[in-house]
Amino acid sequence: PRSPRAPAAPAFSVSEIKNKQRRHFMFLRWKQQQRKEKLAAKKKRRKEREALGDKAPPKPIPKTLENQRVYDETTVDPNDEEVAFDEATDEFAPYFNRQTLPKILITTSDRPRGRTVRFCEQLATVIPNSHVYYRRGLALKRIIPQCIARDFTDLIVINEDRKIPNGLVLSHLPDGPTAHFRMSSVRLRKEIKRKGKEPTEHTPEVILNNFTTRLGHSVGRMLASLFPHDPQFIGRQVATFHNQRDYIFFRFHRYIFKSEKKVGIQELGPRFTLKLRSLQKGTFDSKFGEYEWIHKRREMDTSRRKFHL
């Protein structure tokens, strides 16, 4: 009679190695092997596609959180009459109709530290017709009437925590709305590698990406209205607000024509990331303000594929 087959040896696991250095070495070897196999499979697929030529099947679109996004019923259709009416009558309509010119006041939390001060100064070189003033203990409720009296159209407040800028309040004057953002990943000009020369005083172009819902549309119009409506293309400067998974990435670039077909870009800085925390009707009012939208993490962040902007 045939002897019963011996049980198969259990699969070897790197985590079972007791020696830390040996375990790390074996893990790196395993990762290297994984990369080789992946590269070989990629080459094989490419050769098969080249052999098939025009008959090759279309490349599969990789799954990402963005293209698997849960549909939002407030997504804006550019041809929607209701949206067009709202845009013609909202608080930003005078700006988009070229009846008002933006004039921005940039201020800080009380007694700002050096990094926040430098960030405000650099932000003022990005946004034309903006003026930096420091708080000196004044309450925002007292600052807002003074701003309105001096014809400021927007108020930006940069807050900090432990010497690092961590919040931005943007209030559109005289009637609101007011947006509260969490700020992160702030990089000043000197911290950006391969940066270009200092920005010029030309009015930059503004690019808004992926603001698709009604809320996103409002926030996008609010950010756009900080810059004069007529960009000076001769300056070749671009301010970009790119929304991805409800994080708004700000970048400031200059583009350079290398030839008739090739264009290069230089980042000028500063750069930062914003996350909307709330949108409030009217100007800043922490006690009696009426909120249009508040980010409630436990209730709203139920799916990684659901975004609000």
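Residues numbered from 1 in each chain as written. Predicted model: local features only at pLDDT ≥ 70, side-chain atom pairs only at ≥ 80, totals over all residues. Heavy atoms only, no water.

Student: Break down the overall build of the protein for me, citing the residues and quoting the values.
Tutor: Counting secondary structure elements, the protein contains seven helices and eleven strands. The globule rule puts the C-alpha radius of gyration for 309 residues at 19 Å, and the 26 Å found for the protein is more than 25% above it. Dimensions along the principal axes, computed over C-alpha positions, put the protein at roughly 100 × 50 × 45 Å. For the protein, buried positions account for 37% of its 309 residues. A separation threshold of at least 6 residues defines the contact pool for the protein, and within that pool the share at least 24 residues apart is 64%. In the form shown here, the protein has an accessible surface area of approximately 21000 Å², with 51% of it arising from carbon and sulfur atoms. (Helix = DSSP H or I, 4+ residues; strand = E, 2+ residues; numbered from the N terminus. Rg over C-alpha atoms; globule rule 2.2 N^0.38 Å. Buried < 20%, exposed > 50% of the residue type's maximum accessible area, 1.4 Å probe, protein only. Contact = heavy atoms within 4.5 Å. Areas by Shrake-Rupley, 256 points an atom, 1.4 Å probe, with all protein chains shown as cover.)

Student: How would you summarise the nonpolar core if you had to cite specific residues and measurements?
Tutor: Soluble globular proteins tend to pack their nonpolar side chains together in the buried interior. Membership of the largest hydrophobic core comes to 36 residues, with the highest contact counts inside it found for I156, F181, V219 and I248. Residues within four places of F181 in sequence aside, it is in contact with G167, L168, L170, V219, I248, L274, K275, L276 and R277. I144, F152, L155 and V169 belong to the second largest nonpolar core, which has eleven residues in total. (Core = buried A, V, L, I, M, F, W, Y, C linked by side-chain atoms within 4.5 Å.)

Student: Now, about helix α1 (residues 20–52): what can you tell me, with residues and values included?
Tutor: Spacing of three or four residues puts side chains on the same side of an α-helix, whose turn is 3.6 residues. Taking 1.5 Å of rise per residue, 33 residues should cover 48 Å, and α1 covers 48 Å from first to last C-alpha, within 8% of that figure. Where α1 begins, the capping side chain belongs to N19, and its oxygen is found 3.0 Å from the backbone nitrogen of Q21. Downstream of α1 by one or two residues, G53 has phi in the positive range, about 65°. (Expected span 1.5 Å × (residues − 1). Polar contact = N/O pair within 3.5 Å; in protein donor to acceptor, adjacent residues only side chain to side chain.)

Student: Describe the side chain of K275, naming the residues involved and giving the relevant values.
Tutor: Tracing the sequence through the fold places K275 in strand β10 (residues 271–280). D246 is the oppositely charged side chain nearest to the buried, salt-bridge-free K275, at an N-O distance of 5.0 Å. Discounting residues that sit within four places of it in the chain, K275 has contacts with H180, F181, R182, D246, Y247 and H295. (Lys, Arg positive; Asp, Glu negative; His and termini not counted. Salt bridge = Lys/Arg side-chain N within 4 Å of Asp/Glu carboxyl O.)

Student: Please give an account of the environment of E50 that cites residues and values.
Tutor: Along the chain, E50 turns up in helix α1. Between the C-alpha atoms of E50 and E91, which are 41 residues apart in sequence, the distance is 56 Å.

Student: Mind laying out a positive patch on the surface, listing which residues take part and the relevant values?
Tutor: Residues K31, R35, K38, K42, K43, R45, R46, K47, R49 and K59 make up a contiguous surface patch of positive charge. Mapping K31 onto the fold places it in helix α1. (Patch = residues over 30% accessible without salt bridge, like charges linked within 9 Å, V, L, I, M, F, W, Y side chains within 5 Å. Charge placed at Lys NZ, Arg CZ, Asp CG, Glu CD.)

Student: Give a detailed account of the pairing of β10, specifying residues and quantitative values.
Tutor: The element β10 is largely enclosed, with a buried count of eight among its ten residues. Sheet analysis places strand β5 (residues 178–187) next to β10, joined by eight bridges and oriented antiparallel. When the bridges of β10 are listed, F181 appears paired with L276. In this structure, strand β8 (residues 247–257) lies alongside β10, joined through four bridges in antiparallel fashion. Bridging across to β10, F250 finds its partner in F272. Relative to strand β11 (residues 291–294), β10 runs antiparallel, the two being bridged by three bridges. Following the sheet pairing, L279 is matched in β11 by W293. (Pairing = 2+ DSSP bridges.)

Student: I'd like a description of the UniProt feature "domain: Brix" (unreviewed entry) in the protein, backed by residues and values.
Tutor: According to UniProt, the "domain: Brix" (unreviewed entry) feature falls on residues 102–285. Regarding residues 102–285, the helix share stands at 18% and the strand share at 40%, and the terminal C-alpha atoms are separated by 22 Å. (UniProt positions renumbered as here; feature names shortened; annotations may be inferred.)

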